[in-house]
Amino acid sequence: MKGLWKEQVVVRDYRSLLNAKETQKAIQKAGTFFENRLASELNLTQVTAPLFLRSGTGVNDNLNGEERPVTFTARALPDLELEIVHSLAKWKRTALAYYGFDRGEGIFTRMNAIRRDEELDPLHSLYVDQWDWERVIGKEERNEETLKSIVRTIYGAIRAAEQHLYESYPQIAPILPETIAFVTSQELEDAYPSLSASERESEIAEKYGAVFVMQIGGRLRSGIPHDGRSPDYDDWTLNGDMILWNPVIGQAFEVSSMGIRVDEAALVRQLELASCEERGELDFHRALLEGRLPYSVGGGIGQSRLFMFLLRKAHIAEVQTSVWPETAEEPFSRANVHFLR
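Residues numbered from 1 in each chain as written. Predicted model: local features only at pLDDT ≥ 70, side-chain atom pairs only at ≥ 80, totals over all residues. Heavy atoms only, no water.

### Focus on the sheet that holds strand 2 (residues 52-54)
- Pairing is antiparallel across the open sheet formed by three strands, whose spatial order is 2-4-3. Lying at the two open borders of the sheet, with one neighbouring strand each, are strand 2 and strand 3 (71-74). On average, each strand axis in the sheet is tilted by 40 degrees relative to the strand beside it, whichever way the strands run.
- Strand direction decides the pairing type here: strand 2 and strand 4 (residues 77-84), joined by three bridges, are antiparallel. Among the inter-strand pairings, Leu53 is bridged to a residue of strand 4, identified as Glu83. (Pairing = 2+ DSSP bridges. Helix = DSSP H or I, 4+ residues; strand = E, 2+ residues; numbered from the N terminus. Axes fitted to C-alpha atoms, helices over the stretch in contact; angles between N-to-C directions.)

### Remarks on the packing of helix 1 (residues 20-42) against helix 3 (residues 144-168)
- In contact at an axis separation of 9 Å, helix 1 and helix 3 are set at 150 degrees when each is read in the N-to-C sense. As helix 1 runs across helix 3, the sense of the crossing is right-handed. Here helix 1 contributes Ala26, Lys29, Ala30, Phe33, Phe34, Arg37, Leu38, Glu41 and Leu42 to the contact with helix 3, which in turn contributes Ile150, Thr153, Ile154, Ala157, Ile158, Ala160, Ala161, His164, Leu165 and Ser168.
- Residue composition of the contact of helix 1 with helix 3, grouped by class: 13 nonpolar, three polar and three charged. (Left-handed = near helix turned anticlockwise from the far one by under 90°. Contact = heavy atoms within 4.5 Å. Nonpolar A, V, L, I, M, F, W, Y, C, P; charged D, E, K, R; others polar.)

### Here we look at the environment of Gly31
- Topologically, Gly31 is positioned in helix 1.
- Using a relative accessible area of 9% as the deciding quantity, one classes Gly31 as buried.
- The residues touching Gly31, leaving out its near neighbours within four places in the chain, are Trp131 and Phe307. (Buried < 20%, exposed > 50% of the residue type's maximum accessible area, 1.4 Å probe, protein only.)

### Concerning the UniProt feature "domain: Aminoacyl-transfer RNA synthetases class-II family profile" (unreviewed entry) in the protein chain
- Those places that UniProt annotates as "domain: Aminoacyl-transfer RNA synthetases class-II family profile" (unreviewed entry) correspond, in this numbering, to residues 33-325.
- Split by type, residues 33-325 is 30% helix and 26% strand. Its first and last C-alpha atoms lie 33 Å apart. (UniProt positions renumbered as here; feature names shortened; annotations may be inferred.)

### Points about the side chain of His226
- Structurally, His226 can be placed in the loop between strand 8 (210-214) and strand 9 (234-246).
- Among the polar contacts made by the side chain of His226, one reaches the side chain of Glu201 at a distance of 2.7 Å. (Polar contact = N/O pair within 3.5 Å; in protein donor to acceptor, adjacent residues only side chain to side chain.)

### A look at the packing of aromatic side chains
- Here the structure, examined in full by the defined rule, presents nine aromatic pairs.
- Between Trp131 and Phe307, the ring centres sit 5.9 Å apart and the planes meet at 80 degrees, which makes this aromatic pair edge-to-face. Highlighted residues: Trp131 in strand 6 (residues 127-136) and Phe307 in helix 8 (residues 303-310), separated in sequence by 176 residues.
- Taking relative accessible area as the criterion, Trp131 reaches 1% and is therefore assigned buried. (Phe/Tyr/Trp six-rings, centres within 6.5 Å; stacked < 30°, edge-to-face > 60°.)

### A few points about the packing of helix 3 against helix 8
- Remark: helix 3 packs on helix 8, axes separated minimally by 11 Å, with the N-to-C direction vectors making an angle of 50 degrees. Between helix 3 and helix 8, the interaxial angle falls into the category oblique. When the axes of helix 3 and helix 8 are compared, the crossing they make is right-handed. Residues Ile158, Ala161, Glu162 and Leu165 of helix 3 pack against Leu306, Phe309 and Leu310 of helix 8. (Parallel < 35°, antiparallel > 145°, perpendicular 65-115°, else oblique.)

### Topic: the nonpolar core
- One finds Phe34, Trp133, Ile154 and Met242 to be the most contacted residues of the largest nonpolar core, which totals 58 residues.
- Among the secondary structure elements, those contributing two or more residues to this core are helix 1, strand 6, helix 3, strand 8, strand 9, strand 10 (251-261), strand 11 (296-302) and helix 8.
- Those residues in contact with Ile154 that lie beyond four places of it in its chain are Phe34, Leu38, Leu42, Trp133, Met242, Met258 and Ile301.
- Counting 23 residues, the second largest nonpolar core, distinct from the first, contains Val47, Leu96, Leu271 and Leu288. (Core = buried A, V, L, I, M, F, W, Y, C linked by side-chain atoms within 4.5 Å.)

### Comments concerning the confidence of the model for the protein chain
- Taken over all residues, the pLDDT of the protein chain has a mean of 93, while the share at 70 or more is 97%.
- Note that pLDDT drops below 50 for residues 1-8; the model gives that stretch 33 contacts with residues more than four away or on any other chain. (pLDDT = per-residue confidence, 0-100.)

### Structural notes on helix 8
- Of all eight residues in helix 8, eight are buried; the element is thus mostly enclosed.
- Within helix 8 the residues assigned to the buried category are Gln303, Ser304, Arg305, Leu306, Phe307, Met308, Phe309 and Leu310.
- Following helix 8 by one or two positions, Arg312 adopts a phi angle in the positive range, close to 60 degrees.

### Considering the environment of Lys90
- In this fold, Lys90 is placed in the loop between strand 4 and helix 2 (91-99).
- With relative accessibility at 1%, the residue Lys90 sits in the buried group.
- For the pair formed by Lys90 and His285, sequence separation is 195 residues and the distance between their alpha carbons is 9.6 Å.
- At a separation of 3.0 Å, a polar atom in the side chain of Lys90 contacts the side chain of Asp232.

### Re the sheet that holds strand 7 (residues 181-184)
- The mixed open sheet is built from eight strands, whose spatial order is 1-5-6-11-10-9-8-7. Two strands in the sheet have a free side with no partner beyond their single neighbour: strand 1 (44-46) and strand 7. Within the sheet, the average angular offset between the axes of one strand and its neighbour, ignoring direction, is 25 degrees.
- Relative to strand 10, strand 9 is paired through nine bridges, and the arrangement is antiparallel. Looking at strand 10, one finds that Ile243 is bridged to Glu254.
- Set on the sheet, helix 1 makes contact with strand 1, strand 5 (106-114), strand 6 and strand 11; between it and strand 6 the angle comes to about 20 degrees.
- In the packing of helix 5 (residues 197-208) onto the sheet, the strands contacted are strand 7, strand 8, strand 9 and strand 10, and the crossing angle to strand 9 comes to about 60 degrees.

In structure tokens, the structure reads:
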């Protein structure tokens, strides 16, 4: 998820609908409901997940290929370099194989990560928390209809969580449309050729209220990708971002990235396009190319992002505790945006 705001941009005439104590209770209520709904609808089993991994295995998420993981060594493991996860995009696929999940079954976990190179703004923190999920599919299910069906299921769970909150907090009126729209990144560029990718997202999100932008990672006809995407987990022709229109901040608001994962051919093709063929020798990539990993679909759903949207908050610091520049909090405080401590 790329940064969309500059730190000095502050909302006007903002009043939080919940105080800090109510916010914590609402987070628990919404999180428990959504998590249970997600697991039930997609047939997912909760598993434990790593906070850090061995470096050099290819399992950690490379994000856009430029972000540096937080690395460290441990006294008990002096010969190993360890790194904090960026996300569990590839680890989940290895977990499906390890646990022996069958087609139509999957896993989810509460992932916590540190992204040291994240651009800090009202939507982005050094601390990342999300529901990471992955589900086994058959090779013949690697198609757009499978992807759209799962997107609709997850969107339905988000709408249900919004309604569930409304029953306890009537001041948080539901705003999500009944259905989510679909558009490819190329269709979006064709519709708004003079706008940046983030500006296009805001235009389409305001138009539909909820939209899934598909096919992210490859270059568009302009020669520029819609957004960066690591070449070794999502198939760039079968993935996308779920984006909602957020009236509190007046812009597009990404809550989830997901996709059908690369098969052998897509992995080779995308590694070549990204000029990183050498990754094919790493443990994860060898396992995939040798057919030792199942075909799957998966993604991440931002916990703080979802809570920020559902509770109508103006800054991610209102729903999670993190560390911010000393100069960041004061202008938001003047605008009645109060960071959690």
